Amino acid sequence: GAVVSQHPSRVICKSGTSVKIECRSLDFQATTMFWYRQFPKQSLMLMATSNEGSKATYEQGVEKDKFLINHASLTLSTLTVTSAHPEDSSFYICSARPGLAGGKHSYEQYFGPGTRLTVT
Amino acid sequence: GQSLEQPSEVTAVEGAIVQINCTYQTSGFYGLSWYQQHDGGAPTFLSYNALDGLEETGRFSSFLSRSDSYGYLLLQELQMKDSASYFCAVVGGSARQLTFGSGTQLTVLP
């Protein structure tokens with residue numbers, strides 16, 4: 001159980017175009033989803049937190065107009081990188097959390113396999 | 001804000017025991033998690049400590065001391081497949097989000 005999928009796994013796009021990445025929780029409902037960015041050999045940096053049906057909360061320094069997040073259902077969140085530039089090339093990872101129903105595993109996040117974005 | 005420190009690299013041989021330490025400074029704290037990540041892969045959950053003490057799960061154990069803002073991951077009977085990056089992460093904030101440390105690259109030698 002607790003499987004999270006991401007699509008696509010890899011994408012190459014030209015500078016100036018937009019790319020949409022989907023994150024799905026396959027066997028549970030995710031009240032909260034998170035989007036991370038990871039550069040090679042570095043840590044995961046939280047970009048934003050999204051709750052179903054409400055606006056995402058972005059971390060300091062993350063441009064909300066550039067990284068559009070939509071959490072339209074309890075099983076799907078999307079991240080759209082708008083007007084992508086080479087510096088946006090990175091590994092984007094989503095995670096999903098079932099909810100704060102109690103118990104230690106209510107804090108556990110389940111991660112998707114990641115999307116490697118290359119902007120040329 | 002949150003900040004975490006952990007060693008950048010650790011090397012050990014098969015069958016050995018390794019301890020990866022993590023110290024943190026945080027303005028809000030619910031617990032400390034540990035994740036494993038192989039190159040090119042997604043992080044996978046290893047453990048979570050909300051209370052002081054040792055949690056054991058198979059070959060892996062995790063410890064937390066809230067008063068010392070310190071935790072560690074203990075890996076026993078190391079195997080080659082344990083070569084990966086290990087991240088400690090504080091669970092905190094209004095959304096109980098994860099703030100990750102910089103990661104420790106563990107290399108297991110034959």
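Above this text sits the structure in question.
Throughout what follows, the structure given in this document is the object of discussion.

Conventions and cut-offs
- Residues numbered from 1 in each chain as written.
- Chains lettered and ligands numbered in written order.
- Predicted model: local features only at pLDDT ≥ 70, side-chain atom pairs only at ≥ 80, totals over all residues.
- Heavy atoms only, no water.
- Helix = DSSP H or I, 4+ residues; strand = E, 2+ residues; numbered from the N terminus.
- Rg over C-alpha atoms; globule rule 2.2 N^0.38 Å.
- Buried < 20%, exposed > 50% of the residue type's maximum accessible area, 1.4 Å probe, protein only.
- Contact = heavy atoms within 4.5 Å.
- Areas by Shrake-Rupley, 256 points an atom, 1.4 Å probe, with all protein chains shown as cover.
- Lys, Arg positive; Asp, Glu negative; His and termini not counted.
- Charge placed at Lys NZ, Arg CZ, Asp CG, Glu CD.
- Pairing = 2+ DSSP bridges.
- Axes fitted to C-alpha atoms, helices over the stretch in contact; angles between N-to-C directions.
- Disulfide = S-S within 2.5 Å.

1. Points about the overall build of chain A
Then, number 1: Helix and strand counts for chain A come out as zero helices and 11 strands.
Then, number 2: Ordered by position in the sequence, the α and β elements of chain A form the string β-β-β-β-β-β-β-β-β-β-β.
Then, number 3: On C-alpha atoms alone, chain A measures out to a radius of gyration of 14 Å, which is about the 14 Å that the 2.2 N^0.38 rule sets for 120 residues.
Then, number 4: Its C-alpha atoms put chain A at 45 × 25 × 25 Å along the principal axes.

2. Describing the overall build of chain B
Then, number 1: The secondary structure content of chain B amounts to zero helices and 11 strands.
Then, number 2: N-terminal to C-terminal, the α/β element order of chain B is β-β-β-β-β-β-β-β-β-β-β.
Then, number 3: Counting only residues that meet the buried cut, chain B has 49% of its 110 residues in that class.
Then, number 4: In chain B, the share of contacts with a sequence separation of at least 24, taken over all contacts with a separation of at least 6, comes to 57%.
Then, number 5: Carbon together with sulfur atoms contributes 48% to the accessible area of chain B, which is approximately 5000 Å² in total.
Then, number 6: Looking at chain B, you have 4 positive and 10 negative side-chain charges, and the mean spots of the two groups are 10 Å apart.

3. So, the sheet that holds strand β1 (residues 4-7) of chain A
All names here are of chain A.
Then, number 1: The four strands are arranged β1-β3-β8-β7 in an open sheet whose pairing can be described as antiparallel. Sheet topology places β1 and β7 (67-73) at the edges, where each strand pairs with a single neighbour. Looking at each pair of strands side by side, their axes are set apart by 15 degrees on average, direction ignored.
Then, number 2: Sheet topology note: the strand β3 (residues 19-25)/strand β8 (residues 76-81) ladder contains six bridges and is antiparallel. Looking at the pairing, Glu22 lines up with Thr78 of β8.

4. Some words on the state of the cysteines
Residue and element names in this part refer to chain A.
Then, number 1: Under the counting rule described, the total for this entry stands at two disulfides over all chains.
Then, number 2: One disulfide in the model links Cys23 with Cys94; its S-S distance is 2.0 Å. Taking the sign of the S-S torsion, 80 degrees for the link of Cys23 and Cys94, the bridge is right-handed. One end of the pair, Cys23, is in strand β3; the other, Cys94, is in strand β9 (residues 90-97), and 71 residues separate them in sequence. Considered together, Cys23 and Cys94 belong to a single accessibility category, that of buried residues.
Then, number 3: With no disulfide of its own, Cys13 lies 18 Å from the sulfur of Cys94, the closest cysteine sulfur.
Then, number 4: On the basis of relative accessibility, which here comes to 9%, the residue Cys13 falls in the buried class.

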